[in-house]
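# Architecture and fold: a report
The chain contents come next:
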Amino acid sequence: MGERFRDPGWRLWHFAREILVRCPRCDGRALVAVHPDHRERHAHAVGWLTAPHRLTCGGCGRSADWAPARWERVGGDAYFTSGGPYVVPRLGGPDDPYFGLPLWLRRPCRGGTLWAYNLAHLDALEAYVAAPLRERPAPAGSQTMLERLPAWMTAAGSREEVLAAVHALRASL
Ligand SMILES: [Zn+2]
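Report follows, based on the coordinates. (Residues numbered from 1 in each chain as written. Predicted model: local features only at pLDDT ≥ 70, side-chain atom pairs only at ≥ 80, totals over all residues. Heavy atoms only, no water.)

### Details of the overall build of the chain
Using the following cut-off: The way it works is that DSSP assigns letters per residue, a run of H or I at least four long becomes a helix, a run of E at least two long becomes a strand, and they are numbered from the N terminus. The reference for a compact globule is 2.2 Å times residues^0.38; the radius of gyration itself is calculated from the C-alpha atoms. Note on exposure labels: buried denotes an accessible area under 20% of the residue type's maximum, exposed denotes more than 50%, and partly exposed covers the range between, all computed with a 1.4 Å probe on protein chains only. Residues count as neighbours in contact if any of their non-hydrogen atoms are within 4.5 Å of one another. With residues, only the protein chains shown are counted as cover, and all accessible areas are computed by Shrake-Rupley using a 1.4 Å probe.
Within the chain, the secondary structure is distributed over five helices and ten strands. Taken against the 2.2 N^0.38 rule, which gives 16 Å for 173 residues, the C-alpha radius of gyration of the chain at 17 Å falls within 12% of a compact globule. With the C-alpha coordinates of the chain rotated into their principal frame, the extents come out at 50 × 40 × 30 Å. With 173 residues in all, the chain has 40% of them scored as buried. Restricting the contact set of the chain to residue pairs at least 6 apart, pairs at least 24 apart contribute 57%. Of the roughly 9400 Å² of accessible surface on the chain, 50% is carried by carbon and sulfur atoms.

Printed below as a string of structure tokens:
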């Protein structure tokens, strides 16, 4: 792990293509991802964020499908497309944005909840928290995933405890 970590400018959606959740039937590890019939059609992030998604559990065989909601009925951020507008799922927090299931990678830590969608997301959090020197990204509009982390995660005094929680989560994979 290097001393210096430069924020690559990731947004949360960079890590949302494969989301590990707790299976509602067997409590094991399940996966939420774009439905297999819709995987190749989306050049832009908002396209696959609003694409049909599927929950699959390798442990018990549970499967469930999610379809985008019409924006007129729900409100929020809208995605305009043929047949739309649809609601853009709201990313953030320790539940998955499609089915509302608890993330597999979540753990209480310093009065908050440490959470990640998958191993790549956990790796990014670990690299940032572990680095004594953190460089900001080039300005690019909205805050990055790392800039939005709560203070209890990024304070120097939190480092050991947060890294211990990251290691415990990694061990659950
Ligand atoms: Zn299951």
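### Observations regarding the side chain of D96
For clarity, the cut-off: Any N or O atom pair separated by 3.5 Å or less is treated as a polar contact, with the protein-specific requirement of one donor-capable and one acceptor-capable atom, and with residues adjacent in sequence counted only for side-chain atom pairs.
Inspection of the secondary structure assignment puts D96 in the loop between β7 (86-87) and β8 (105-109). Among the polar contacts listed, one links the side chain of D96 to the backbone nitrogen of F99, at a separation of 2.8 Å. In this structure D96 touches I19, V21, V32, L101 and L103, once residues within four positions along its chain are discounted.

### Structural notes on helix α3 (residues 119-130)
Selection rule: One less than the number of residues in a helix, times 1.5 Å, gives the span that helix is expected to have.
Over its twelve residues, α3 runs 16 Å from end to end, which matches the ideal 16 Å to within 8%, given 1.5 Å per residue. Three or more residues of α3 are buried, namely H121, L122, A124, L125, E126, A127, Y128 and V129. Here the buried face of α3 lies against β1 (4-6), β9 (112-116), β10 (133-135), α4 (151-154) and α5 (159-171). Sitting at the amino-terminal end of α3 is N118, which places a side-chain oxygen 3.2 Å from the backbone nitrogen of A120.

### Regarding the sheet that holds strand β5 (residues 63-66)
Across a sheet, paired strands are connected by hydrogen bonds in the backbone, their directions being either parallel or antiparallel. Heads up, the rule is: By definition, two strands form a pair when at least two bridges between them are found by DSSP. Lines are fitted to the C-alpha atoms to define the axes, a helix being fitted only along its stretch in contact, and any angle between axes, read from their N-to-C directions, falls within 0 to 180 degrees.
The strand order β2-β3-β4-β5 describes an open sheet built from four strands, whose pairing is antiparallel. On the outer flanks of this sheet lie β2 (18-22) and β5, each paired with one strand and no other. On average, each strand axis in the sheet is tilted by 20° relative to the strand beside it, whichever way the strands run. In this structure, strand β3 (residues 29-34) lies alongside strand β4 (residues 53-56), joined through four bridges in antiparallel fashion. In the sheet register, L31 faces β4, and the bridge partner there is T56.

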